[in-house]
Every structure is written in C-alpha cells, then in structure tokens.
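# Architecture at a glance
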Amino acid sequence: MEAKEYYYAAMYLRLSREEKEPESGKTESNSIRSQRDMIRSYIRKQDNMEIYDIYVDDGFSGTDFDRPEFRRMMEDIEAGNVNCVIVKDLSRLGRDYIEAGRLIQKTFPAFSVRFIALTDYFDSLTADRNETALVVPVKNFVNDSYARDISNKVRSHQKVKREKGDFIGAFTVFGYKKSGNNKNRLVPDEYAASVVKKIFAWKIDGYSSLAIAGLLNGMGIPSPMEYKKMQGERFQTGFATRIKAKWSAVAVNRILTNESYIGTLVQGKEEKINYKVKKSVKKPEGEWAKVQGAHEAVIAKEDFSIVQELLRVDIRAGNGDKKAHMYAGLLLCGDCMEPMIRRVNRYKGKETVSFICSTKNRNGACSRHTIAEKDLNYLILIGLRQQISLFLNKDRVKDGVERMEIHFEEVAAFDKEIGKLRMEQDRYFSLRAGLYEDWKKGVITEEDFKNFKEIYGKRYWELQQDIEKQEKTIKKLFQSGVVAGRNLERMKNAMQITELDRATLVSLVKRVLVYEDKRVYLELRHKELFSKALMMAECIETEPHFSGRETI
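Residue numbers here run from 1 along each chain, matching the order of that chain's written sequence. In keeping with the predicted nature of the model, local features appear solely for residues at pLDDT of at least 70, side-chain atom pairs appear and are counted solely at 80 or more, and the whole-chain, interface and lining totals rest on all residues. Excluding hydrogens and water, the side-chain values take into account all heavy atoms of the structure.

### Quick notes on the sheet that holds strand β17 (residues 520-524)
Quick note on the threshold: Should DSSP find at least two bridges between two strands, the strands are regarded as paired. Secondary structure elements follow DSSP: runs of H or I no shorter than four residues count as helices, runs of E no shorter than two count as strands, and numbering proceeds from the N terminus. The convention used is that axes are lines fitted to C-alpha atoms, helices contributing only their stretch in contact, and that angles between N-to-C directions extend from 0 to 180 degrees.
Ordered in space as β12-β16-β17, the 3 strands form an open sheet in which the pairing is mixed. Either end of the sheet is taken by a strand with one partner, and the two such strands are β12 (331-333) and β17. Along the sheet, successive strands turn relative to each other by an average axial angle of 25 degrees, direction set aside. Two elements, β12 and strand β16 (residues 509-514), share 3 bridges in a ladder whose sense is parallel. Its bridge partner lying in β16, C333 is registered against V514.

### So, the nonpolar core
In plain terms, the rule: Throughout this description, the term nonpolar core refers to a set of buried Ala, Val, Leu, Ile, Met, Phe, Trp, Tyr and Cys residues connected via side-chain atoms within 4.5 Å. Only protein chains enter the accessibility calculation, which uses a 1.4 Å probe. A residue is then buried if its area is under 20% of the maximum for its type, exposed if over 50%, and partly exposed in between. By definition, residues are in contact when any of their heavy atoms lie within 4.5 Å.
In this structure, F174, I199, F200, L216, W247, Y261 and Y327 are the most contacted members of the largest nonpolar core, which totals 59 residues. Here this core takes 8 residues from helix α7 (residues 190-204), the largest share from any one element. Apart from residues no more than four positions distant in its own chain, Y327 is found in contact with F355, L376, N377, I380, L500, R502 and L505. Counting residues in hydrophobic clusters, the runner-up holds 22 residues, among them V85, A100, L103 and I104.

### What about the pattern of salt bridges?
This is how the line gets drawn: The working definition used for a salt bridge is a side-chain nitrogen of Lys or Arg within 4 Å of a carboxyl oxygen of Asp or Glu.
By the definition in use, this model includes 18 salt bridges. Taking the shortest distance from any N to any O, the salt bridge between D57 and R67 comes out at 3.8 Å. With D57 in strand β2 (residues 49-58) and R67 in the loop between β2 and α2 (68-78), this residue pair connects regions lying 10 residues apart in the sequence. Accessibility expressed as a relative area gives 1% for R67, which makes it buried. When the shortest N-O distance is used, the salt bridge between R511 and E523 registers 2.7 Å. In this pair, R511 is assigned in strand β16 and E523 in strand β17, connecting sequence segments 12 residues apart. Taken together, the shared-partner salt bridges connect D53, E69 and R72 into one network.

### Focus on the pairing of strand β14 (residues 350-357)
Bridge count for strand β13 (residues 340-347) against β14 is 8 bridges, and the pairing is antiparallel. Bridge pairing links Y347 to K350 in β14. Linking two consecutive strands that pair antiparallel, namely β13 and β14, is a turn of 2 residues; a positive phi of about 50 degrees is found at K348 within it. Looking at chain direction, β14 and strand β15 (residues 371-372) are connected through 2 bridges and run antiparallel.

### Comments concerning the side chain of K283
Within the secondary structure, K283 sits in the loop between β10 (277-282) and β11 (289-291). Judged by its relative accessible area of 19%, K283 is buried. Aside from chain neighbours lying at most four places away, what touches K283 is G268, K269, E270, E271 and W288.

### Considerations on the confidence of the model for the protein
How we decide: The pLDDT score gives, residue by residue, the confidence of the prediction method on a 0 to 100 scale.
Looking at the protein as a whole, the pLDDT averages 77, with 73% of positions reaching at least 70. For the protein, per-element mean pLDDT is lowest for helix α14 (residues 396-403), which scores 48, and highest for strand β3 (residues 84-87), which scores 96. Here residues 238-242 is modelled with pLDDT under 50, and outside its nearest four sequence neighbours on either side it reaches 0 contacts, counting other chains as well. Scored below 50 in pLDDT, residues 544-552 shows 16 contacts in the model against residues more than four places distant or in partner chains.

### Digging into the pairing of β3
Going residue by residue along β3, you find C84 and I86 tucked away on one face and V85 and V87 tucked away on the opposite face as well. With 3 bridges connecting them, strand β1 (residues 7-15) and β3 associate as parallel partners. Residue pairing across strands places A9 opposite C84, the latter belonging to β3. The pairing of β3 with strand β4 (residues 114-117) spans 4 bridges and is parallel. Following the sheet pairing, I86 is matched in β4 by I116.

### Section: helix α10 (residues 249-256)
Stated precisely, the cut-off is as follows: Our arc is simply the arc of the directions from the helix axis toward the C-beta atoms.
Regarding α10, the residues found buried are A251, V252, I255 and L256. Within α10, the buried residues cover an arc of 140 degrees as seen down the axis, which keeps them to one side. α10 presents V250 and R254 as exposed residues on the side facing more than 90 degrees away from its buried surface. Along its buried surface, α10 packs onto α7, α8 (209-218) and α11 (301-311).

### A short note on the packing of aromatic side chains
Between two aromatic rings, the relevant description is the distance of the centres plus the angle of the planes. Definition in use: Under the pairing criterion, centres of Phe, Tyr and Trp rings, with the six-membered ring standing for Trp, must be within 6.5 Å; the plane angle then separates stacked pairs below 30 degrees from edge-to-face pairs above 60, leaving the rest tilted. We count a charge as sitting over a ring when the NZ of a lysine or the CZ of an arginine lies within 6 Å of the ring centre and within 35 degrees of the ring normal.
Evaluation of the coordinates by the stated rule reveals 17 aromatic pairs. Consider the rings of F174 and Y227, whose centres lie 5.7 Å apart with planes at 85 degrees: the pair is edge-to-face. Of this pair, F174 sits in the loop between α6 (146-164) and β6 (176-178) while Y227 sits in helix α9 (residues 224-230), placing them 53 residues apart in sequence. Each member of the pair F174 and Y227 is classed as buried. Ring centres 6.1 Å apart and planes at 20 degrees place the aromatic pair Y176 and Y261 in the stacked group. Here the residue Y176 occupies a position in strand β6, and Y261 occupies one in the loop between α10 and β8 (265-267), the gap between them amounting to 85 residues. Summarising the burial analysis for this pair, Y176 and Y261 share the class buried. Over the face of the ring belonging to Y7 we find R114, whose NZ or CZ atom lies 4.9 Å from the ring centre. Looking at K269, its charged tip hangs above the ring of W288, at a distance of 5.0 Å from the centre.

### What to know about the sheet that holds β1
Pairing within the open sheet is mixed, and its 5 strands lie in the order β2-β1-β3-β4-β5. The strands lining the two open edges of the sheet, one partner per strand, are β2 and β5 (122-123). Pairing analysis gives 9 bridges linking β1 to β2, with the strands arranged parallel. Bridge assignment links A9 to a residue of β2, and that residue is I51. The sheet strands contacting helix α1 (residues 30-44) are β1, β2, β3, β4 and β5, and the helix crosses β1 at an angle near 160 degrees. Contacts from α2 reach β1, β2 and β3 within the one sheet, and its direction differs from that of β2 by about 150 degrees.

Have a look at this one:
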C-alpha cells in the first residue's frame, strides 16, 4: 500500500454485551472511553492525520457485522470520505476471523483504506505479505498469545493514563504524596516540600550540592529513602543497606533536576523488554511522558531554570567556605568567555579581593582582565539600576494592560517586528506566484522555475517561523506575568538596595562579562521580554487604539 499525503481517519469503537460491566446511569462503558482516549492519543501524534468521524457500536457482538455504526463507517469509506480505519485491537473490528480477514485483505485495500490496530501493532501501510496473509488470520483465529495481549493492553492503558496526567507509580517523588481523594493525583507533602524549597534556595545562594547534603545531614533531616520508611512505605532499592541512608550530592542533584517540582508530571522513564522478561530498560528522555501543570508546583519555574543553569557551570566554594562567592557561575571574561577566578591578597593585615581571567591564570592566550571586587560590586549595582530603570519607567505598560481588555491578536498587529516580517513574507509570496507566468512567457527556463520556486517557498516558511517566534514572545510577555508579576517586584526591590546579594544577582542577571579597562557588561534575564515590553509601551503611547477600553 502506498502512503497518502493526508489521512481522514475513522475511529471505530466496539464492545459486546458480554464484555460490558453493569454501570447504572452511564451513557457509555469504561471500555469505550478507554478505546476513544487511546485512539485520540495516537492521532494527535500524527502530523498527516485527522479524525473524520467516530463510530461507536456499544453493546454489539463482534461475530455479526450487521452493526449500525459499522455500516455507517463502510458507507463513508465507499463515498471516499474515509481513507484510514483505526481500532484499539483486531477483536474490536470483529471476532469472525473469515469476515475480518476479508475486510483487512480485500475490502480495505480495494478502497485504498489504511487499517491500524494499535495494541496489536498492525499497520497495513507497513505490514509485509506474511503479516497480512498469515499473521492477521491466525491472530483473528486464536488471538495470538493471550499473555502478550494482556501485557500490551495494560501497557497501553498505562500510557494513556500517563499522557492524561494521571500518576500511576507506586511511590511518589520526595516532596509529594498521593491525594486522599484521588490516588492518581499528587499533592505537596508539607514537610518534604519545605525541605525541597530549602535545597533550591541554598543552591541559588551559592552552595554546592555536596555542601547542601552536609547541611541537611547536620540538621538531622531524613533522606528521601529514610523519609519513605518513616511514612510506612515499603520502599526498596538495589542500593539499600542496613546502615541509615544519608543525604548525598547525588540525592541533592536528583531533586534539583526533577521537573516534578514545577508541576510537570514525568513518568515512563523505563519499560520492560517484553512481557516474558521482568527486566526494565531506560528509555530516551524524548520518549518520557511529560504533562505540564499536572499538579501543584512547589518551586517557581524561573527558580528551577536558574538552578539548571547553575548546575551546568563549575561552582566550587573556596577553602574553608561553605558556599561559593557571589559571582560564581555568572562572571566571565568578555574576550575568551572563560570563568573569572577570585583572588584574595593579604598584605600588612589588609585583605583585597579581585578577579582575573582563568585562561590567563593558566598562562593562556588572554589578558588578565583584572578588576577589584569592590569596583565590580559598584559597577554592577549602578549598571543594574540603570537597565532596570529603563523598564520601570515603562511601568505604565502594567497599568495599561490592567485597564484594557486587550487580546493577543490586537497586540501582535501593532508589533513592528512582526509587521516587517509579514511584509517580507508577502514579497516572497508574490515572487513565487509570478514564477509560473514568467516560465510560460519564456522569461525563465523550466529549471529556473523549479529552483526559484523552491528558494522562495523555503524563505517564505522561514519567515513564518520568525513570525511565530515573535508572537510567542508577546504571549509570554502577557501570559507569564513578567510585566505584572514577581519579576517586576524583584526589579523594584533591586532599585532600593544599597548592597548586592547573590539571590538578587542570580534572579536578575544571566551573566556578567568583564573586559579590559574595567568595562562590565550585564546580560539580564528575560532580555527579549524586556525589549518587547518597551516596544509595547511605545505602542500604547502612540496608537489611539490603546487609549481606552473601546476597540476599533
């Protein structure tokens, strides 16, 4: 069977009377809902497929093909409206192996209809002759291996639940517990969640993961393993011993990198090799099931993002210090982009602190870029205030957004960058549209026609991607609360401080570049959002459309 460019799929769901469970007051059975969820989940992942219609025969035997919804589906197939049929498994299509085999091997191919049975892993588009002519009839006759089918169905059911954001694990991540009302939903564990918050706060404050583990052990806080035991959970691990488990740098890093704490449910990291072997193998991260907003977050997304950046750089505390210096992981040489090293010089009872380029310190090809810590503190404090004041002067953006019932489409229409991109996109569209006439008139050759058509088309879609990126930035501006949220409050607070601290620095600054002659460059976080906010402030001031509630 040849692949089609696009598929209009029929979702066929069936359950016999014998298979139905008595459910008073329900319009359809649980099995039908399960089938619908599974097929919808599959179609959502296909970029060349959409649902044409859903056909449900709830309470009809699979041995009889005279079923109302099945007949309606066949009518749509014959009319050319449907070119793909998807069922949960082969038995949903029918249990009469002769008729089912005729449909799969004769009728569907005659109408160029692709047939997919999800849990039986059969797809007529990719199936070879042996699968179609031998495996399918045998499977319809004996339903293959009962044990394998049960395993696959359970696995598929779990997959659907994961994708819906239902927690299906036996043990929760440290910081959460199962809801008393719904065992498939996580809620924060007040005590453990407070420990998680401490761990993230310490990391932002400059503590290494090993130092954090030492602090936790020194405070007598039980490790995740010990805490589970204290809660009466029968938790076992291959690393368990009779010795009381303590916090370690590995355990701390496991918490610091876990997306569960920002409300994202992460499951399906491992899977069994097959139904006969109990051994599990790790899956690539791209195949994990992740559902955002599945439960309440205990860590802000911004703080989580900051911590991930800090974990990617080498942050070490000095000799005898519990935590790294204030600029650890942020201060770089502006020329070679290597970290700056903190040096402490003591002379005649006086102590001076400065930073030099680590490349030069290793006798590398770079200059020292020396800058005293007190000078750096002053320059960053002044520079931070200057850059923040540019944004805070546009604080009326916040007031304007709160006054107006403003929509994203209206905002995007006044974005100057998007306007320029759309103009350029229209130009390439016109150029591409005129190629055919030029070719017909003999102005260009057929080869030029094909080449320029591909070039203009490619550029058109590149511009479309740029437009979508700009629109995404605007959405983030108005939806993430950068204008009216906690970042604005942090900036306001930063304007009042007279002395820098690491928490303020890390929350506002992505990195600090030091050049020769004590020149310092600050790269603020959310730089794109800040610039976009300034642009939108100008729009609010200059465009009459934004002067009040009324819209044009």
